[in-house]
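Remarks on the overall topology
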Amino acid sequence: MKQRIEAEINRLAELILKRQNFDGAWDFPFETGIATDCYMIILLRTLEIHDEQFIQSLVDRILSKQEKNGAWKLFYDEEKGNLSTTVEAYYALLYSGFIDQNNTNMRLARKFIINYGGIGKVNMFTKVMLALTDQIKWPKSFYLPIEFILFPTTFPVNFFDFSVYARANLTPILIAADRKFSIKTKHTPDLSDLYVHRNEDLWDLDSSEWRSFFSFIYDGMKQLVGIPFELHRLALHRTEQYMLNRIEQDGTFYSYFSSTFLMIFALMALGYSKKYPVIVRAVQGLKSIKTTIDGHTHIQYTTATVWNTALLSYSLQEAGVPSASAAIQRANQYLLSRQHYLYGDWAVHNPYQIPGGWGFSNINTMNPDIDDTTAALRALRKEALNNRSFWDRGMKWLLSMQNDDGGWGSFEKNVNKSLLSWLPIEGGEKMLLDPSTPDLTGRTLEFLGNFTRSSYNQTFIKQGVKWLLKNQRSDGSWYGRWGICYIYGSWCALTGLIAVKVRRDHPAVRKAVKWLYSIQNDDGGWGESCKSDIQKKFIPLPASTRVHTAWALDALAAAEETVTPQMNQAVNYLLNSKDENSWTITYPKGQGLPGGFYIHYPSYEYIFPLLALAHFVKKW
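For the structure given in this document, a descriptive report is provided here. (Residues numbered from 1 in each chain as written. Predicted model: local features only at pLDDT ≥ 70, side-chain atom pairs only at ≥ 80, totals over all residues. Heavy atoms only, no water.)

**A look at the overall build of the chain**
Helix and strand counts for the chain come out as 26 helices and six strands. Computed over the C-alpha atoms, the radius of gyration of the chain is 24 Å, within 12% of the 25 Å expected from 2.2 N^0.38 for a compact globule of 620 residues. Judged by the C-alpha coordinates and their principal axes, the chain covers about 65 × 60 × 45 Å. A total of 620 residues make up the chain; the buried ones form 63% of that total. Within the chain, contacts between residues at least 6 apart in sequence are counted, and of these 74% link residues at least 24 apart. (Helix = DSSP H or I, 4+ residues; strand = E, 2+ residues; numbered from the N terminus. Rg over C-alpha atoms; globule rule 2.2 N^0.38 Å. Buried < 20%, exposed > 50% of the residue type's maximum accessible area, 1.4 Å probe, protein only. Contact = heavy atoms within 4.5 Å.)

Rendered as structure tokens:
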């Protein structure tokens, strides 16, 4: 078996090395379904930018993803289809001008939409897009008044209590909702045939939770000092400046597709013309993040270049590629060039720390995160022998971002006010908050334990371990925020605990190991459905995947003293499935928002099998 394992390690390493760019980076796609493709068509048609060849290429990809029943899905085993995604696809295809309502694909899509509740049952973000483009009316009062941005940080709930992802998306929505802004063109399609009940309340803002929260916010507005008209104008100005001050060099707002799309409409709501330079650059920025997947044009939500480069470089080094090799040196220089030097929103809750983290995309210069920072530092660990300055800055930033509860979140510190979960927004807790999570805490502990010689006696390690043990689920698993889902979280937590020298016979460790064994498939692999994320419990896939299997094997390799039969079965699965070409390869292994969008990382098919096999060989 050893020879077969080493052959697979070499095969994966060679494939990775062949994909490296001249600048040292790896730019595997960041695939998030068809929503961005749909919204790009709607944006271009709304701005009357008639790039016909580009629009046709997006239409082709959208049509290629349609199911036989006319719907579009977020993931393979999603029941019949996804209503919001199907409405978005239907709208975009009509607006493109290349497909009409009598087309067979459109008739099937329309039938699915009507059967599953019609346009009134789509999610909040789809409703916002429909309101912006004059398909539905804005509510009389939106979720938050725009004056909310003026609340001081001393108020029980304020603007910076939202996660940075929520702020990036809600800021332009607040402007557009305040102005009740909508725009249509002579080519805007008529979606009235998607209503089940024409006069239904599409926004559902009458729940008791919403009314209670709204009253709380309006009580806070009464504490603002100033003439209401002037306060309103100040709030609009501050909201506008928040967006403009966070535009990246490529023209995108915080490097995200959704926030940039929304910003363009918000600026038009404020009176900017369609051809204003900021809007033109924003559109160019969105176009620049297109990629090609299976011969089709896809608009990425953002790029994952830093994330991919850090993980791929680290996995190669774990597999035996020397740190002095040309490939690793090029990757090092790329990663060093992407360390952050600008202050971002993270400094609001962490004001005494200088920048030093890394972000997710090559575009990102001001929004670092914990996971990318530890990933970059893992990859650069040998470089630190010759250059301590980047390492010290990165380490200080990382440790300063530990939450008061002992765990680590994604982007900011102590952004976890449960009051905000009252807002009736789909996936609200995940979008609005940035709490400590088992995957971020576990991966941070793994980095600190394996690459900085941190010991369990250090206070920050003790606090992290305590948080992880407290947040283990009763079945022995941990939830993972950024992967699918309980296998991912358990892998992160287990490898983190073992790295900081928690005993392998610790009850929490043994319970987690037992859980992993209990969900192993007969073929030796593991698989988990995106439904786990929605239903808040482990839901198996009807098949194993190489990535889930690699996570489970790597966790077991860390937690076990000797090789078990189940681990040998997992190794055999990875060796026997190396030529796999089924839907399991493209099944999402990452999550964005529960029930909203999921992420397929093509790079994961190389990274994690390589890491798991390399660690298995290294230990035994």
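**Considerations on the side chain of E147**
Tracing the chain through its elements places E147 in the loop between α6 (124-132) and α7 (164-179). Comment: no salt bridge for buried E147; closest opposite-charge side chain is R179, at 10 Å. (Lys, Arg positive; Asp, Glu negative; His and termini not counted. Salt bridge = Lys/Arg side-chain N within 4 Å of Asp/Glu carboxyl O.)

**Focus on the pairing of strand β1 (residues 290-293)**
Where burial is concerned, the two faces of β1 differ: the one with T291 and I293 is buried and the one with K290 and T292 is not. Between β1 and strand β2 (residues 296-299), which pair antiparallel one after the other, the connecting turn spans two residues, and D294 there sits at a positive phi close to 50 degrees. (Pairing = 2+ DSSP bridges.)

**Some details on the packing of aromatic side chains**
Overall, the coordinates contain 44 aromatic pairs when judged by the stated rule. Arranged with centres 4.7 Å apart and planes meeting at 70 degrees, the rings of F151 and F155 form a pair that is edge-to-face. In this structure, F151 and F155 share a single accessibility class: buried. Here the aromatic cluster, defined as three or more aromatic residues joined through ring pairs, consists of F30, W307, F360, Y488, W491, W551, Y601, Y604 and F608. The side chain of R19 reaches across the aromatic face of F28, ending 4.0 Å from its centre. We note R481 situated over the ring of W482; from NZ or CZ to the ring centre the distance is 3.9 Å. (Phe/Tyr/Trp six-rings, centres within 6.5 Å; stacked < 30°, edge-to-face > 60°. Lys NZ or Arg CZ within 6 Å of the ring centre and 35° of its normal.)

**Quick look at helix α12 (residues 305-318)**
When the terminal C-alpha atoms of α12 are compared, their 20 Å separation across 14 residues agrees well with the 20 Å that a helix rising 1.5 Å per residue should span. Of the residues one or two after α12, G320 is the one with positive phi, at around 110 degrees. (Expected span 1.5 Å × (residues − 1).)

**Focus on the pairing of strand β5 (residues 590-593)**
Note that β5 and strand β6 (residues 597-599) share three bridges and pair antiparallel. Residue pairing across strands places L593 opposite F597, the latter belonging to β6. Once β5 ends, the chain turns through three residues before running back antiparallel as β6, passing G595 with a positive phi of about 70 degrees.

**Digging into the pattern of salt bridges**
Where charged atoms from two side chains of opposite charge approach closely, those side chains can pair. Enumeration according to the criterion identifies 25 salt bridges in this entry. Residue D193 pairs with R110 through a salt bridge whose shortest N-O separation is 3.6 Å. Here the residue D193 occupies a position in the loop between α7 and α8 (208-221), and R110 occupies one in helix α5 (residues 104-115), the gap between them amounting to 83 residues. For R110, a relative accessible area of 18% gives the class buried. We note a salt bridge from R503 to D505, for which the minimum N-O separation is 2.7 Å. Connected through shared salt-bridge partners, E31, D37, R61 and K65 make up one network.

**Here's the deal with helix α19 (residues 459-470)**
For α19, spanning 12 residues, the distance from its first C-alpha to its last is 16 Å, which sits close to the expected 16 Å at 1.5 Å a residue. Within α19, the full set of buried residues consists of F460, I461, G464, V465, W467 and L468. Axial view of α19: buried residues confined to an arc of 160 degrees, hence all on one face. Turned more than 90 degrees away from the buried face of α19 sit T459, K466 and K470, all of them exposed. Next to the buried residues of α19 lie α16 (388-400), α18 (438-451) and α20 (486-499). (Arc of directions from axis to C-beta.)

**Observations regarding unusual backbone geometry**
Between I484 and the following residue, C485, the backbone shows a cis peptide bond with an omega angle of -15 degrees. The phi dihedral of D134 falls on the positive side, at around 65 degrees, and the residue is not glycine. With respect to the element layout, D134 can be found in the loop between α6 and α7. A positive phi angle, near 60 degrees, is found at R453, a position not held by glycine. Checked against the element boundaries, R453 lands in the loop between α18 and α19. Accessibility expressed as a relative area gives 82% for R453, which makes it exposed.

**As for the environment of I136**
Among the secondary structure elements, I136 is positioned in the loop between α6 and α7. With relative accessibility at 6%, the residue I136 sits in the buried group. With 159 residues separating them in the primary sequence, I136 and G295 have C-alpha atoms 35 Å apart. Those residues in contact with I136 that sit more than four places away from it in its chain are K127, L130, A131, Y195, L202 and W203.

**Overview of the state of the cysteines**
Chemically, a disulfide is nothing more than a covalent bond linking the sulfur atoms of two cysteines. In the structure shown here, the tally under the stated rule is zero disulfides. With no disulfide of its own, C492 has C485 as its nearest cysteine by sulfur position, at a separation of 11 Å. Judged by its relative accessible area of 0%, C492 is buried. Left without a disulfide partner, C530 is nearest to the cysteine sulfur of C485, which lies 8.4 Å away. For C530, a relative accessible area of 0% corresponds to the buried category. (Disulfide = S-S within 2.5 Å.)

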